[in-house]
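In case you want the letters, here they are:
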Amino acid sequence: MQGQEHSESELLQIRRDKLNTMVARGIDPFGGRFDTTHQPGALRRDFQPDLEVKVAGRVTARRTMGKAVFFDLSDITGRIQCYVNKKEIGDEAFELLTELVDIGDWLGVSGKTFVTKTGEPSVHTETLQVMSKALRPLPDKWHGVTDREIKYRQRYLDLISNERSRDTFVQRSLMVAEIRRFLQDRGFLEVETPMMQDVPGGAAATPFETFFKALNMAMYLRIAPELFLKRLLVGGFTKIFELNRNFRNEGLSRRHNPEFTMLEAYWAFSDFEQMADLVESMVCHLAEKFCGGLLIEHKDDEGNVTRTINLQRPWRRAPYKELIKGVAGEGWFELSLDDKKAKCAELGVEVSGGMVDYEVSQQVFEKLIEEKSFDPLFVTHVPAELVPLAKQNKADGSVVDVYELVINGQEISPGYSELNDPIVQRERLEHQAGEETQKVDEEFLLALEYGMPSAGGIGIGIDRLVMMLTGAESIRDVVLFPQLKKK
RNA sequence: GCGUGGGUAGCUCAGCGGUAGAGCAGUUGGCUUUUAACCAAUUGGUCCUGGGUUCGAUCCCCAGCCCACGCACCA
């Protein structure tokens, strides 16, 4: 452990020397059990004076004033200031704090709470215990880590030094817990279905492939849990959800991470409209609980409001074709493919040569409607080609009974009246058009033949939902360890 | 994959054809209620990597690596 070579920078060497001095003085630099009474942030928020407390945290600031020292102990909950007086605590402990402890070290402190002259809630330190010696210095105390690469590759440094990141990830955790509670309160059971599948179904996406040695077979990380959850409907679960990771072997972007968190819920005997109500009430519930209301303000780093999203109910619901006609003209769907493409050029929508008719319309939808819709919009009656797993509309078989919920310029949630006719389902899967097709899962079709109850189903992209609610501009700011290229 | 921008001290950044600078952190000294504590002094750098141009490259050119943003694929 000791005596690293000369290539160690001076900063690291000094910290190692302090570590060795601690050991020489019989101080364990890496602590042990310490029974805390409070977390730093919680203690500061619900502060009461004259309380005997034990808190532990990382030293994130230290202000030495001769024979007195102030230092901050921090963790994910926040910070609390501690005060040390040399005469009271004794020379040995005082020297430990001022000469051997560095910013970045973890300390356990016991003492009595009080408020300083300047009104700062503090702990009057009586004993000190080193919980861990940090051998490397922390990022800039004022700016924190701003280098995106360090933020993502060494997320712990971002969490230590950036309050906004801490808040976002704590919020995300609480939101996910609240989503589970919301569904459980309404009688939904959480289930877990395979992430490793031999047929990657339930969506049209490129899967990650892996190999299972014991069975000598190729396997795929799931792109969606849908086909397994539907098997559970066949099995008699009537209200279920799964909230976990999906994997798609596609590009990285501000809105895409190859592994992302998806909620899927199925409710037997329901339909897409009731599922829309469910999603609407769930998202509003989260907003009221975590954002203080239904107006969500997104802010930049300076605190200026850059966007306001209005979640007040009822949310707008509009048919897909009507929305497109609204931006591309009443006669859009009567135009030939070539005329549609010409119109796209006029509208500034890029289309590629190989696109078929409905794909061109879809492109118009994505560029001129989806990306420009920030307040919630349920897009209903989507062309059947786009959604092979949903029921066709009784009045118009060219569309399906689904919604696509757009908020914040992104698709946040699809909801279906689930297709449960095994004969139609087989046809729809076998006659998919276009380049993006879903795999045909025979085991799924077999299950359907035993009878799947009619049902409504939803998916919610949790990362994007959290982005919308927290104002994060990139999915990387709501995923703790986003995928980056290997260095 | 393509395009644009970026990579300089532990961190945040400035600089620029003549081999580097600030603030913070660190070190030393001072200070018993401070909070981006303060005052004084001071250490610290393969200027992302490899080629090229040049008397001389951190700077200009080429290639590569990584990051960000946009486009494409997708949710």
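None of the values given here were measured: they were computed from a predicted structure.

This next bit is on the sheet that holds strand E15 (residues 377-383). In spatial order, the strands read E6-E10-E11-E18-E17-E16-E15-E14; together these eight strands make up an open sheet with mixed pairing. Bordering the open sheet on either side are strand E6 (189-190) and strand E14 (316-319), each of which pairs with just one other strand. Sheet analysis places E15 next to strand E16 (residues 399-407), joined by six bridges and oriented antiparallel. Its bridge partner being in E16, Phe 378 is matched across the sheet by Leu 405. Packed onto the sheet, helix H9 (residues 272-290) meets strand E11 (259-268), E14, E15, E16, strand E17 (410-417) and strand E18 (455-461) and runs at close to 10° relative to E16.

What follows deals with the confidence of the model for chain A. When the pLDDT values of chain A are averaged, the result is 92; 98% of them are 70 or greater. Averaged pLDDT values over the elements of chain A bottom out at 87 in helix H11 (residues 337-347) and peak at 98 in E6. In this model, residues 1-7 is a region of pLDDT below 50 whose contacts with residues beyond four sequence positions or in other chains number four contacts.

Quick look at the nonpolar core now. The biggest cluster of nonpolar side chains holds 43 residues, and the ones touching the most others in it are Leu 311 and Met 468. Looking at this core, the elements that each hand over two or more residues are helix H7 (163-185), strand E10 (239-247), E11, H9, E16, E18 and helix H15 (462-470). The dominant element in this core, judged by the number of residues it contributes, is H9, at eleven residues. Counting residues in hydrophobic clusters, the runner-up holds 38 residues, among them Leu 233, Ile 369, Val 379 and Val 387.

Next up on the list: the state of the cysteines. Evaluation of the coordinates by the stated rule reveals zero disulfides. Looking at the unpaired Cys 291, the closest cysteine sulfur is the one in Cys 284, lying at 11 Å.

With antiparallel pairing, the three strands of this open sheet are ordered in space as E7-E9-E8. Strand pairing shows two members of the sheet lacking a second neighbour, strand E7 (196-197) and strand E8 (209-212), which therefore form its edges. In this sheet, strand E9 (residues 217-221) lies alongside E7 in antiparallel orientation, the contact comprising two bridges. From the neighbouring strand, Met 196 faces E9, where its bridge partner is Leu 221.

What follows is about the side chain of Thr 168. Within the element layout of this structure, Thr 168 appears in helix H7. A distance of 2.9 Å separates the side chain of Thr 168 from the backbone oxygen of Arg 164, its partner in a polar contact. The contact partners of Thr 168, leaving out residues within four places of it in the chain, are Thr 470, Asp 477 and Val 478.

To continue, consider the pattern of salt bridges. Close approach of charged atoms lets side chains of opposite charge pair. Going through the model one piece at a time under the given rule, you end up with 32 salt bridges. For Arg 15, the salt bridge identified is with Asp 105, shortest N-O distance 4.0 Å. Of this pair, Arg 15 sits in helix H1 (residues 10-24) while Asp 105 sits in the loop between helix H4 (91-100) and strand E4 (106-115), and the two are 90 residues apart along the sequence. Several salt bridges converge on common partners, so that one network encompasses Arg 15, Lys 18, Asp 102, Asp 105 and Lys 133.

Residue position: Ala 42 is located in helix H2 (residues 40-45). For the pair Ala 42 and Gln 184, spaced 142 residues apart in sequence, the C-alpha separation works out to 28 Å.

What follows covers helix H12 (residues 357-369). Taking 1.5 Å as the rise per residue, H12 with 13 residues should run 18 Å; its terminal C-alpha atoms sit 18 Å apart, in good agreement. Of all the 13 residues making up H12, ten are buried; the element is thus mostly covered by neighbouring parts of the structure. Of the positions making up H12, those classed as buried are Tyr 358, Glu 359, Val 360, Ser 361, Gln 362, Gln 363, Val 364, Phe 365, Leu 368 and Ile 369. Buried positions along H12 lie against helix H10 (320-328), H11, E15 and E16.

Our next topic: the packing of H7 against H9. For the pair H7 and H9, the least separation of the axes is 11 Å and the interaxial angle reads 140°. Judged on the interaxial angle alone, H9 and H7 are oblique. Along this stretch, H7 crosses H9, giving a crossing that reads as right-handed. Together, Gln 171, Leu 174, Met 175, Glu 178, Ile 179, Phe 182 and Leu 183 of H7 and Leu 278, Ser 281, Met 282, His 285, Leu 286, Lys 289 and Phe 290 of H9 make up the contact between the two elements. The class makeup of the residues in the contact of H7 with H9 is nine nonpolar, three polar and two charged.

About the cut-offs
Residues numbered from 1 in each chain as written. Chains lettered and ligands numbered in written order. Predicted model: local features only at pLDDT ≥ 70, side-chain atom pairs only at ≥ 80, totals over all residues. Heavy atoms only, no water. Pairing = 2+ DSSP bridges. Helix = DSSP H or I, 4+ residues; strand = E, 2+ residues; numbered from the N terminus. Contact = heavy atoms within 4.5 Å. Axes fitted to C-alpha atoms, helices over the stretch in contact; angles between N-to-C directions. pLDDT = per-residue confidence, 0-100. Core = buried A, V, L, I, M, F, W, Y, C linked by side-chain atoms within 4.5 Å. Buried < 20%, exposed > 50% of the residue type's maximum accessible area, 1.4 Å probe, protein only. Disulfide = S-S within 2.5 Å. Polar contact = N/O pair within 3.5 Å; in protein donor to acceptor, adjacent residues only side chain to side chain. Salt bridge = Lys/Arg side-chain N within 4 Å of Asp/Glu carboxyl O. Expected span 1.5 Å × (residues − 1). Parallel < 35°, antiparallel > 145°, perpendicular 65-115°, else oblique. Left-handed = near helix turned anticlockwise from the far one by under 90°. Nonpolar A, V, L, I, M, F, W, Y, C, P; charged D, E, K, R; others polar.

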